Amino acid sequence: MRTSTTSVALGLLAAAANAAPFKTSTVKRQDAGKIVAAHFMIGIMQVRSSAADYDDDMKKAKAAGIDAFALNIAKDDYTDAQLNYAYESAANNDMKVFISFDYNYFETSESDAVGAKLSEYCGKPGQLMVEGKCFASSFNGDNDPSKLFNANAIRAAAGTDLYLVPNLTPTGIRDATALADIDGAFSWNGWDSNGANRAPTAESNVTTSDSDSAYTEWLAGKTYMAPVSPWFFTDFASKAWVFPGDLLWFRRWNEILALAPKMLEIITWNDYGESHYVGSDSETSLHNDDGSSAWANGFPHDGWLEMAQPYIAAFKAGSKEISVTEDKLVYWYRPTPKAACGAFDGIDTLQDAVFVVALLQSAGSVTVTSGGNTQTFDAPAGASAYQVAMGTGAQTFALSRNGASVLSATGGLEITENCSPINLNAFVGVAKGNAASVPAPAAAASPSADVPQVILSAAALASVTIAVPVLSAVALPVVTPTEPASSFAPAVTSVAPLPPSSASASSISPVTPGAKPPVSVSEAAGTFTLTATPTSVQAPGAGGYKVKCTATVTASEQIRPTNCLGAGQAWAGVGDVPDRCDGAAKCS
Ligand SMILES: *[C@@H]1O[C@H](CO)[C@@H](O)[C@H](O)[C@H]1NC(C)=O
């Protein structure tokens, strides 16, 4: 169930921050002692050079109701400089932060160093305190005997009171840390899975709610920091799969309001590599490219943050209901139908649809047009979700009431049949605001009135209208003899046909249809060539193609070993060159 031992994220962690019960907090918030954290990857922040470089993140998160960033760290040579900037910016912006030690990198033998790091940062004003104790978390830490989070050893080394909520699991290795040694646990299981860190199947399906139950039963009243994540798509050479996204962001928030855990951690603020960022767009120059620009650039997700805002407010108020103060249609969709993308781990769990969450002050009529498919839904006041079969072309979203247009918008990305390189990330937008001339609904006259506008509890979810219309016809990708097998190298820039039948029939090993073909590599000045061995999934005569180094990767050492270089990627980061996952020689 957890995302991983060998993979997962470039860094993750969780956090929390805030309010009343924490003695260092100067923020006065109306809340029920709940804490909302967001996972923040330090490993792609080498480029930042001042506390001010963190201000935008701090302000934006705070405005959304997030209390703290969980600063996921490894052991890079720039880690301390970045932690100091982040702590300073948090203090300057009335935010909180805490460290999330990434136990893909920290080792059992390093508990003293982990404790020492905490004693160094715990006293800073930006530190999240819970019940007067310095809050800390982890990513992983109980699944590899050499990389165990040892709560007692860390406490001893820190020399200050700690509130420890690491990413331990109900079934993890327990010889380092017993349940009695921690204050709570953070779960990474923000997506339905097969229980083995891949998308679920009909036979093996561990849902987010199954995982919540396992955690709360195990924790028996200790703090549960629940995960909330909108999406998951990653396509590094070392890790390439998708978890079911679709309407997860809507479903999960309703699940969270019903469950009402003490803390939650949004996964993530800025992990572009796994496509679950809800903070700044990937285009910002304030992070290094870990290779994920291929699928994250041009795919804003801040509409998801906007959608979460009323849910965060409800969660922190201990409410099961959200309150809507402005009409909005939050929409998202992948850039291409599945069939255009070919085989990809987990892709069958995604639907070819355009998704819309209506946040309405009063009932209205929502019209969604995806290419040639148009559907209109009667939407109630509050939050409700819809989906329409994906059609290529423009995507439009409109709200009307009593026949009069309230607002409309065209999605900033057209859906096409071009899935090369493969991209299963989501484009997210918000339609709102262009209705100034429309008479405001009665409730708007008294913005602070507690009009019970929208309700979306888990129970209410059952009544959510989810129309699943007929799929539009989708052209299958045309495979020509000179094309590589779909989904192979994101960086194919030229194609060189092999001489016909250069491999004998006996040398062709059976492969799964659509699988990446085995490759051999040769390298020459600045370019390396991957030559695919012809397989049964390739058209006759297919085989060779050249790949140039087209992507420069400058992220942290966290790229090793979880995100080793993929085809076409050149290393420009710190340290020696990471391994290539596909066995290819490095680009120069
Ligand atoms: C897993 O179970 C959930 C809840 O019943 C369901 O919505 C989802 O479709 C299932 N996933 C698969 C792949 O069967």
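Predicted, not measured: the structure shown is a model, and the values here were computed from it. The numbers attached to residues start from 1 for each chain and follow its sequence in the written order. Reporting in this predicted model follows two pLDDT cut-offs: at least 70 for local features of residues, and 80 or more for side-chain atom pairs to be given and counted; totals over whole chains, interfaces and linings ignore these cut-offs and use all residues.

Peer 1: Would you mind going over the sheet that holds strand β13 (residues 353–360) with me for this structure?
Peer 2: In any sheet, the strands associate via hydrogen bonds between backbone groups, in a parallel or an antiparallel arrangement. Paired strands are those between which DSSP finds at least two bridges. Secondary structure elements are taken from DSSP: a helix is a run of H or I of four residues or more, a strand is a run of E of two residues or more, and numbering for both begins at the N terminus. Pairing in this open sheet of four strands is antiparallel, and the strands run β16-β13-β12-β19 from one edge to the other. The open sheet has two edge strands with one neighbour each: β16 (382–389) and β19 (427–432). The average undirected angle you get between the axes of adjacent strands in this sheet is 20°. Across six bridges, the pairing between strand β12 (residues 328–333) and β19 is antiparallel. To obtain an axis, a line is fitted to C-alpha atoms, over the contacting stretch when the element is a helix, and the angle between two such axes runs from 0 to 180 degrees between their N-to-C directions.

Peer 1: Explain the nonpolar core to me, please; I cannot follow it from the model alone.
Peer 2: Nonpolar side chains in soluble globular proteins tend to end up buried together. Ranked by size, the top nonpolar core spans 143 residues in total, and within it Phe69, Leu71, Val97, Tyr331 and Val356 carry the most contacts. Here the limits of each domain have been adopted from an automatic or database domain assignment. Each of two domains, domain 1 (35–316) and domain 2 (328–461), supplies a minimum of three residues to this core. As used here, a nonpolar core is made of buried Ala, Val, Leu, Ile, Met, Phe, Trp, Tyr and Cys residues. They are joined through C-beta atoms within 7 Å. The exposure scheme places C-beta atoms from the backbone and then counts, for each residue, the other C-beta atoms within 10 Å of its own, assigning buried at 20 or more, exposed at 12 or fewer, and partly exposed in between.

Peer 1: I'm lost on the pairing of β13 in this one. Help?
Peer 2: Consecutive side chains along a regular strand alternate between the two faces of the sheet. Burial analysis of β13 places eight of its eight residues in the buried class, the great majority of the element. Neither face of β13 is open: one carries Ala353, Phe355, Val357 and Leu359, the other Val354, Val356, Ala358 and Leu360, and all of them are buried. One ladder, built from five bridges, connects β12 with β13; its direction is antiparallel. Within the sheet, the bridge partner assigned to leucine 329 lies in β13 and is alanine 358. Relative to β16, β13 is paired through eight bridges, and the arrangement is antiparallel. Of the residues in β16, the one forming a bridge with valine 357 is alanine 385.

Peer 1: Can you walk me through the packing of helix α3 (residues 111–121) against helix α4 (residues 151–158) in this structure?
Peer 2: The description of two packed helices rests on the angle between their axes and on the distance between the axes. Between α3 and α4, the least distance of the axes is 7 Å, while the angle of their chain directions is 45°. Overall, the two elements α3 and α4 adopt an arrangement that is oblique. The element α3 and its partner α4 pack so that their crossing is right-handed. In this structure, α3 uses Ser111, Asp112, Val114, Gly115, Ala116, Leu118 and Ser119 to contact α4, whose residues at the interface are Ala153, Ile154, Ala156, Ala157 and Ala158. Split into classes, the residues belonging to the contact of α3 with α4 amount to eight nonpolar, three polar and one charged. Oblique is the label for any angle not under 35 degrees, not over 145, and not in the 65 to 115 range, which are roughly parallel, roughly antiparallel and roughly perpendicular in turn. Crossings are assigned a handedness: left-handed for a near helix turned anticlockwise from the far helix by less than a right angle, right-handed for a clockwise turn. Any pair of residues counts as being in contact when their C-beta atoms, constructed from backbone geometry, are within 7 Å of one another. Residue polarity follows a fixed list, in which Ala, Val, Leu, Ile, Met, Phe, Trp, Tyr, Cys and Pro are nonpolar, Asp, Glu, Lys and Arg are charged, and the others, Gly among them, are polar.

Peer 1: Help me out: how do you make sense of helix α6 (residues 248–259) in this one?
Peer 2: Each α-helix winds once per 3.6 residues, and so residues spaced three or four apart point in a common direction. Multiplying 1.5 Å by the helix residue count minus one yields the expected span of that helix. Taking 1.5 Å of rise per residue, 12 residues should cover 16 Å, and α6 covers 16 Å from first to last C-alpha, within 8% of that figure. For α6, the full list of buried residues reads Leu248, Trp249, Phe250, Arg252, Trp253, Asn254, Ile256 and Leu257. Remark: alanine 260 follows α6 within two positions and exhibits a positive phi of approximately 50°.

Peer 1: I'm lost on the confidence of the model for the protein chain in this one. Help?
Peer 2: When pLDDT is low, close inspection of the predicted coordinates is not appropriate. pLDDT expresses how confident the predictor is about each individual residue, on a scale running from 0 to 100. Averaged over every residue, the pLDDT of the protein chain is 78; residues scoring 70 or more account for 68%. Counting contacts from residues 1–30, a segment whose pLDDT is below 50, to residues more than four positions away or on other chains yields 124 contacts. Across residues 435–548, where pLDDT falls below 50, the model places 208 contacts with residues more than four positions away in sequence or in other chains.

Peer 1: Quick question: what am I supposed to make of the environment of serine 138 here?
Peer 2: Counting through the fold element by element, serine 138 comes out in strand β5 (residues 133–139). For serine 138, a count of 29 C-beta atoms within 10 Å corresponds to the buried category. Note: C-alpha distance between serine 138 and proline 166 (28 residues apart in sequence) is 4.5 Å.

Peer 1: Help me out: how do you make sense of the packing of α6 against helix α8 (residues 302–316) in this one?
Peer 2: Axis separation between α6 and α8 bottoms out at 10 Å; the angle between their running directions is 10°. One element, α6, and the other, α8, form an angle in the roughly parallel class. Here Trp249, Trp253, Ile256 and Leu257 of α6 come into contact with α8, specifically with Trp304, Met307, Ala308, Tyr311, Ala314 and Phe315. The residue makeup of the contact of α6 with α8, split by class, is 10 nonpolar, no polar and no charged.

Peer 1: What's the story with the sheet that holds strand β18 (residues 404–410) in this structure? I'm lost.
Peer 2: Strand order in this open sheet of four strands is β15-β14-β17-β18, and the pairing throughout is antiparallel. Since the sheet does not close on itself, it has two edges, and those belong to β15 (373–379) and β18, each with one partner. Between one strand axis and the next, the sheet turns by 15° as a mean value, whatever way the strands run. As paired elements, strand β17 (residues 395–401) and β18 share six bridges and run antiparallel to each other. Counted as the bridge partner of phenylalanine 397 is alanine 409 from β18.

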